[in-house]
Amino acid sequence: MEDMEQIYQEYAQTVYKFLLSQCHNASLAEELTQETFYQAVRSINRFDGSCKISVWLCQIGKHLWYQYLQKNKREIPADEAAFDIAVSSAEEETLSRESHLELLKQIHGLPEPAREVVYLRAFGGLSFREIGDVLGRTETWARVTFYRSKERIKGGFEHEI
């Protein structure tokens, strides 16, 4: 087993991006990342090597995120900062906000794991390779799933207009 400091150096950014894509809050993602590695150190003897370390760490992080939601009785928040667009009038701002809300509804309406792939790519900034690693799939699978999800969302918007 690798030294935990080396593991942290190698995977902290991936875990952080994954958690940021889930919670849309940088400080909370940082806190959950730290807790993820704390829990990993405490349970390293349970890591059996049946999956990649990055997948195992992201699973711990996802579990901590769900615990946080349950403890705080919250739904997954939509971070308005992720959609910050300069607008010149109240009318444009309202239209822009409605279109962003509609986009979030479209993304939320995607089936799993497509929804998670879109969140990880669009909001978490993960590469397709990282998404494949996190979800235990291939890079090609992540690319295809993202493309199909994007096309499905585009189709949903065309039907509404």
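Residues numbered from 1 in each chain as written. Predicted model: local features only at pLDDT ≥ 70, side-chain atom pairs only at ≥ 80, totals over all residues. Heavy atoms only, no water.

Novice: Which parts of the structure should I look at to understand helix 3 (residues 53-72)?
Specialist: Each α-helix turn comprises 3.6 residues. Residues three or four places apart therefore point the same way. Here helix 3 spans 29 Å end to end across 20 residues, near enough to the 28 Å set by a 1.5 Å rise per residue. When helix 3 is considered as a whole, its buried residues turn out to be Ile53, Ser54, Val55, Trp56, Leu57, Cys58, Ile60, Gly61, Leu64, Trp65 and Leu69. Taken together, the buried residues of helix 3 touch helix 1 (4-23), helix 2 (26-42) and helix 6 (128-135). A positive phi of about 50 degrees marks Lys73, the residue just after helix 3. (Helix = DSSP H or I, 4+ residues; strand = E, 2+ residues; numbered from the N terminus. Expected span 1.5 Å × (residues − 1). Buried < 20%, exposed > 50% of the residue type's maximum accessible area, 1.4 Å probe, protein only. Contact = heavy atoms within 4.5 Å.)

Novice: How do you make sense of the environment of Asn72 when you look at a structure like this?
Specialist: Examined against the element boundaries, Asn72 turns out to sit in helix 3. On the basis of relative accessible area, Asn72 is assigned to the partly exposed category, the value being 34%. A distance of 2.9 Å separates a polar atom in the side chain of Asn72 from the backbone oxygen of Tyr68. (Polar contact = N/O pair within 3.5 Å; in protein donor to acceptor, adjacent residues only side chain to side chain.)

Novice: Would you mind showing me how to read the side chain of Glu130 here?
Specialist: Mapped onto the elements of the fold, Glu130 is located in helix 6. Buried Glu130, no salt bridge; nearest opposite-charge side chain is Lys17, N-O distance 4.4 Å. Within the structure, the side chain of Glu130 is placed 2.8 Å from the backbone nitrogen of Ser127, a separation counted as a polar contact. The contacts of Glu130, once residues within four sequence positions are left out, are Thr14, Lys17 and Gly125. (Lys, Arg positive; Asp, Glu negative; His and termini not counted. Salt bridge = Lys/Arg side-chain N within 4 Å of Asp/Glu carboxyl O.)

Novice: What's the story with the pattern of salt bridges in this structure? I'm lost.
Specialist: It is possible for side chains bearing opposite charge to pair when their charged atoms get close. If you walk through the whole model with that rule in mind, you get five salt bridges. Among the ionic pairs, Asp133 bridges to Lys52, the shortest N-O distance being 2.7 Å. Of the two residues, Asp133 is situated in helix 6 and Lys52 in the loop between helix 2 and helix 3; the sequence distance between them amounts to 81 residues. The structure contains a network of salt bridges with shared partners spanning Lys52, Arg129 and Asp133.

Novice: How do you make sense of the packing of aromatic side chains when you look at a structure like this?
Specialist: Ring pairs (aromatic) are described by centroid distance and by the angle formed between their planes. Following the criterion strictly, the structure yields four aromatic pairs and no others. Taking the centre distance of 5.8 Å and the plane angle of 15 degrees together, the rings of Trp65 and Tyr68 count as stacked. Residue Trp65 and its partner Tyr68 are located together in helix 3, separated by three residues, close to a single helical turn. For Trp65, a relative accessible area of 0% gives the class buried. The lysine or arginine in question, Arg121, covers the ring of Phe128, its NZ or CZ lying 4.0 Å from the ring centre. (Phe/Tyr/Trp six-rings, centres within 6.5 Å; stacked < 30°, edge-to-face > 60°. Lys NZ or Arg CZ within 6 Å of the ring centre and 35° of its normal.)

Novice: Mind showing me how you'd approach unusual backbone geometry here?
Specialist: Trans peptide bonds make up most of the peptide bonds, and negative phi angles are found at most residues other than glycine. A cis amide bond links Glu112 with the next residue in sequence, Pro113, at an omega value of 5 degrees. Within the secondary structure layout, Pro113 lies in the loop between helix 4 (90-108) and helix 5 (114-123). Even without a glycine there, the phi angle at His24 is positive, about 60 degrees. Structurally, His24 can be placed in the loop between helix 1 and helix 2. Residue His24 is classed as buried on the basis of its relative accessible area, which comes to 11%.

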